[in-house]
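# Descriptive structure summary
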Amino acid sequence: MKEFFGIGGYNRIPEGAYSVEHLVFVGSLLLIMVVLAVVLGKANRIKSEKAKNKVLIWSAILIDAFEIFKIVSMCVRAESLEPIRYELPLFLCSIQLITLPLAAFSKGRIKEAATDFVCIFGILGAVFGTIGAAQNYNAYPVLSLDNVCSGITHSISGFASLYIMFARLTTMKKKNIFITVSILLSFCVMAYIANILIDYNYMFLMNHDGTPYSIIYNLVGGHPVLYPLSVVALFLIYIALFYFIVHLRSKKQGTTVLEVHERKEITV
């Protein structure tokens, strides 16, 4: 347990990014994530909105509980509050620590926009935060507090995203796009300011750190202005494509996501 929590430093040499241990561990998490999302999503599809929302409530509680546990453990290990500076919810996947509870506990347009945000970015964060987290698996052993908790929280984000899709909880209303984009841009601005103040790399806006963002970083030659702007632009393009694909698919099926929800409300 001392070795798992890294008390006194890790004695084991990290297995490394994309090692067999890394891929087996994250592959197992992603498999569990997908199976649970599909099973629970389909099982709850025809149930009331309140019944569907219970799964989101538990997801919100668990994702924040694991993250708080990790931060407290890291502070105990460091014997200071210093780790908190580097564990703020200012990474793209960390935003789910706030938007998932909003999706679970809020109401009205805020709930709809937060649910859409989780749906859009949850699965992306799950993949990037497990398979794509090269920096984590190069720095820490696979079975360590840092990687296990990170893997679980990212998988919960991906689970919530897929569950929302299969349970048909998302609305993807065009009038809520502004709120969804505002949530993203607000966190991007806060992340950039935090990066300057504490010399860190939230949202990977300063450097790619061995992540797939290296493609963009290399394309712009690591330009201090073009690189962060390109990363943010990529987020916005992803949102636009997600909305476009959802609405295109809905039109092909002869209805829209919004119309489906309106019919449910009329039926109830």
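Structural notes, computed from the coordinates. (Residues numbered from 1 in each chain as written. Predicted model: local features only at pLDDT ≥ 70, side-chain atom pairs only at ≥ 80, totals over all residues. Heavy atoms only, no water.)

What follows covers the pattern of salt bridges. Inspection of every chain in the model, using the stated rule, returns seven salt bridges. The partner of E67 in a salt bridge is K70, and the shortest N-O contact between them spans 3.6 Å. Of this pair, E67 and K70 both sit in helix α3 (residues 49–78), three residues apart, which is roughly one turn of that helix. A residue is classified by how much of its surface remains accessible, and K70, at 8% relative accessible area, is buried. (Salt bridge = Lys/Arg side-chain N within 4 Å of Asp/Glu carboxyl O. Helix = DSSP H or I, 4+ residues; strand = E, 2+ residues; numbered from the N terminus. Buried < 20%, exposed > 50% of the residue type's maximum accessible area, 1.4 Å probe, protein only.)

Right, let's talk about unusual backbone geometry for a bit. Despite not being glycine, M172 has its phi angle at roughly 55°, a positive value. Note that M172 resides in the loop between α7 (145–166) and α8 (177–198). Owing to a relative accessible area of 0%, M172 belongs among the buried residues under this scheme.

Attention now goes to the side chain of S106. With respect to the helices, strands and loops of the structure, S106 is situated in the loop between α4 (96–105) and α5 (108–130). Polar contacts involving the side chain of S106 include one to the main-chain carbonyl oxygen of L102, which spans 2.2 Å. At 3.4 Å, the side chain of S106 forms a polar contact with the backbone nitrogen of K111. When neighbours within four sequence positions are excluded, S106 is seen to be in contact with P101 and K111. (Polar contact = N/O pair within 3.5 Å; in protein donor to acceptor, adjacent residues only side chain to side chain. Contact = heavy atoms within 4.5 Å.)

Let us now look at the packing of aromatic side chains. Under the defined criterion, the tally for this structure stands at 16 aromatic pairs. An angle of 40° between the planes, with centres 6.1 Å apart, marks the rings of F128 and Y213 as tilted. On the criterion of sequence distance, the pair formed by F128 in helix α5 and Y213 in the loop between α8 and α9 (214–219) is long-range, its members being 85 residues apart. Overall, F128 belongs to the partly exposed group, its relative accessible area being 33%. Since its relative accessible area comes to 9%, Y213 is described here as buried. With 6.2 Å between their ring centres and 55° between their planes, Y238 and F242 make a pair best called tilted. With Y238 and F242 both in helix α10 (residues 226–252) and four residues apart, the pair spans about one turn of that helix. (Phe/Tyr/Trp six-rings, centres within 6.5 Å; stacked < 30°, edge-to-face > 60°.)

None of the figures reported here should be taken as evidence of function without further support.
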